[in-house]
Amino acid sequence: MSALAVRTGSVNLGQGFPDEDGPPAVIAEAVRALEHGANQYAPGPGVPALRHAVARHQQRHYGIEVDPDRQVVVTTGCTEAVASALLGLVDPGDEVVVLEPYYDSYVAMIQMAGGVRRPVTLRAPDFRLDVDELRAAVTPRTRFVLLNTPHNPTGTVLTRTELQAVADLAVEHDLVVITDEVYEHLTYDVEHVPIATLPGMAERTLTLSSAGKSYSFTGWKVGWATGPAELVAAVLAAKQWLTFTSGSPLQPAVAVALDEEPDFPARLCASLRERRDLLLDGLHAAGLAAYVPQGTYFATASVRELGWADGMAFCRALPERAGVVAIPSQVFYDDQADGAGGRDLVRFAFCKARGVLDEGVARLGKADLSA
């Protein structure tokens, strides 16, 4: 869809990358590191400065204590953290309960690890976790739960009650929870609760995150995994055969971001909330049934009220109709049959510059989007 946006000169509200960079002081630190020798391999687990900064971040925000030498590993973005966690922990035949719709790498990595995914679907219009479906998804072969909260693409932030249901099930069935929390600081009027903070969960939770979303440095691909030493060791064991290490001059810069720019994510979140509301107003005005996301920088809308049953067909027509690109949500679901999954849903990104959003909304408002 991004290639389609370039080819057609459309406003790209599809792929989730920001138009604006993060703090200048952090960029300056990366430049300083480049100029002062940080151009060779970093240690496999990550440079000590960043591992210690991640540990301080977990303690400062959530009261989670982790040993930076044994319970933190730096990864090439959260995508590698997910890959390393699944490849390092999942044995062939192990079942992984995962929230559907999925971030796209989840399915591929579960398959590459030889695992079997057990989907629990978050359904429109509220995209809440159905605890009965969650419980029904667990079988004697289930070993893991893969969470994503705040959730991409729906924008749902799991409540403490929903997380407690996951925790109860994990303790009852001795499951490990792998939780992708890259949007941890981008929530709107709701609290992000790390499941690792719930009773009995610190010892069975592997938490994944990155600087990409919170600090608008998606291209740096600097992420991390934290948790019990044996789970982190499994991540490192897989990671050494993937990238081994990356981003040597970027890692100390991200440490500066975490330690010296702790308020940046809150400022970014306030700005994103304004842009979210601008996009939602524009989608409603254009006739789409848009759902209000509690977190992330994506908004989901249904195209059924415009007469479309298929979001893929809508997205393929949208550049010509309106000069705008979006993502069909059905690609994040297993069941793409008519009337199932997210067939009528479309995802729009609002992490764009205000002028880009204004132009995209204006184009949608002028276009005939009916089927």
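Quick note: structure is the one above.
What counts, and where the lines are drawn
Residues numbered from 1 in each chain as written. Predicted model: local features only at pLDDT ≥ 70, side-chain atom pairs only at ≥ 80, totals over all residues. Heavy atoms only, no water. Salt bridge = Lys/Arg side-chain N within 4 Å of Asp/Glu carboxyl O. Helix = DSSP H or I, 4+ residues; strand = E, 2+ residues; numbered from the N terminus. Pairing = 2+ DSSP bridges. Axes fitted to C-alpha atoms, helices over the stretch in contact; angles between N-to-C directions. Contact = heavy atoms within 4.5 Å. Buried < 20%, exposed > 50% of the residue type's maximum accessible area, 1.4 Å probe, protein only. Polar contact = N/O pair within 3.5 Å; in protein donor to acceptor, adjacent residues only side chain to side chain. Expected span 1.5 Å × (residues − 1). Arc of directions from axis to C-beta. Parallel < 35°, antiparallel > 145°, perpendicular 65-115°, else oblique. Left-handed = near helix turned anticlockwise from the far one by under 90°. Nonpolar A, V, L, I, M, F, W, Y, C, P; charged D, E, K, R; others polar. Core = buried A, V, L, I, M, F, W, Y, C linked by side-chain atoms within 4.5 Å.

**Thoughts on the pattern of salt bridges**
Link 1 in the chain: Enumeration according to the criterion identifies 18 salt bridges in this entry.
Link 2 in the chain: Glutamate 133 serves as the salt-bridge partner of arginine 123, at 2.6 Å between the closest nitrogen and oxygen. Linking arginine 123 in the loop between β4 (116-121) and α6 (131-137) with glutamate 133 in helix α6, this pair joins segments that are 10 residues apart in sequence.
Link 3 in the chain: Between glutamate 359 and arginine 363 there is a salt bridge, with its nearest N and O atoms 2.7 Å apart. Residue glutamate 359 and its partner arginine 363 are both found in helix α12 (residues 354-366); the two are separated by four residues, about one turn of the helix.

**Overview of the sheet that holds strand β6 (residues 176-180)**
Link 1 in the chain: Here we have seven strands laid out as an open sheet, ordered β2-β8-β7-β6-β5-β3-β4, and mixed in their pairing. Of all the strands in the sheet, the pair left with one neighbour each is β2 (72-75) and β4. Between one strand axis and the next, the sheet turns by 20° as a mean value, whatever way the strands run.
Link 2 in the chain: When strand β3 (residues 95-100) meets β4, the two strands line up parallel, connected through six bridges. Along β4, the bridge assignment pairs glutamate 100 with threonine 121.
Link 3 in the chain: Each of β2, β5 (142-148), β6, β7 (205-210) and β8 (223-226) is contacted by helix α4 (residues 77-89), which is oriented at about 155° to β7, the strand it contacts most.
Link 4 in the chain: Across the sheet, helix α8 (residues 229-239) lies against β2, β6, β7 and β8, angled at about 30° from β2, the strand it touches most.

**Description of the side chain of threonine 154**
Link 1 in the chain: Considering the arrangement of structural elements, one finds threonine 154 in the loop between β5 and α7 (160-173).
Link 2 in the chain: For threonine 154, a relative accessible area of 6% corresponds to the buried category.
Link 3 in the chain: Polar side-chain contacts of threonine 154 include one of 2.8 Å to the side chain of histidine 151.
Link 4 in the chain: Within the structure, the side chain of threonine 154 is placed 3.2 Å from the backbone nitrogen of threonine 156, a separation counted as a polar contact.
Link 5 in the chain: In contact with threonine 154, not counting residues within four places along its chain, are Pro101, Leu122, Phe127, Pro293 and Thr300.

**A few points about the pairing of β7**
Link 1 in the chain: The buried fraction of β7 amounts to six of the six residues, a majority that puts the element mostly inside the structure.
Link 2 in the chain: Across four bridges, β7 lies against β8 in antiparallel orientation. If you follow serine 209 over to β8, its bridge partner there is tryptophan 224.

**Some remarks on the sheet that holds strand β13 (residues 345-349)**
Link 1 in the chain: On the basis of which strands lie adjacent, the open sheet formed by four strands has the order β9-β10-β13-β12 and antiparallel pairing. The strands lining the two open edges of the sheet, one partner per strand, are β9 (289-290) and β12 (327-328).
Link 2 in the chain: With two bridges connecting them, β12 and β13 associate as antiparallel partners. Opposite isoleucine 327, over in β13, you have arginine 347 as the bridge partner.

**Section: α12**
Owing to its 3.6 residues per turn, the α-helix brings residues three or four apart onto one side.
Link 1 in the chain: Its 13 residues give α12 an end-to-end C-alpha distance of 18 Å, which sits within 8% of 18 Å, the value for a rise of 1.5 Å per residue.
Link 2 in the chain: Buried within α12 are the following residues: Leu357, Gly360, Val361 and Leu364. For α12, the buried positions fall inside an angular range of 95° around the axis, keeping them on one side.
Link 3 in the chain: Looking at the buried side of α12, the elements it contacts are β1 (11-12), α10 (264-285), α11 (311-322), β11 (324-325) and β13.

**Looking at the packing of helix α3 (residues 48-62) against helix α9 (residues 250-260)**
Link 1 in the chain: As a packed pair, α3 and α9 sit with axes 8 Å apart at the nearest point and diverge in direction by 25°. One finds that α3 runs roughly parallel with respect to α9. Read as a crossing pair, α3 and α9 show a hand that is left-handed. On the side of α3, the interface is formed by Ala49, Leu50, Ala53, Val54, Arg56, His57 and Arg60, while α9 contributes Gln251, Val254, Ala255, Leu258 and Asp259.
Link 2 in the chain: When the residues that make up the contact of α3 with α9 are grouped by side-chain class, the tally is seven nonpolar, two polar and three charged.

**Considering the nonpolar core**
Link 1 in the chain: Leu288, Phe314, Phe348 and Leu369 are the most contacted members of the largest nonpolar core, which has 95 residues in total.
Link 2 in the chain: Of all the elements, α10 adds the most residues to this core, at eight residues.
Link 3 in the chain: With sequence-adjacent residues up to four places away left out, phenylalanine 314 is seen in contact with Leu288, Val303, Leu306, Trp308, Val346 and Leu369.
Link 4 in the chain: Core analysis: the second largest hydrophobic core is formed by 28 residues, Phe127, Ala170, Val193 and Leu198 among them.

Treat this as a map of the structure, not an account of what it does.
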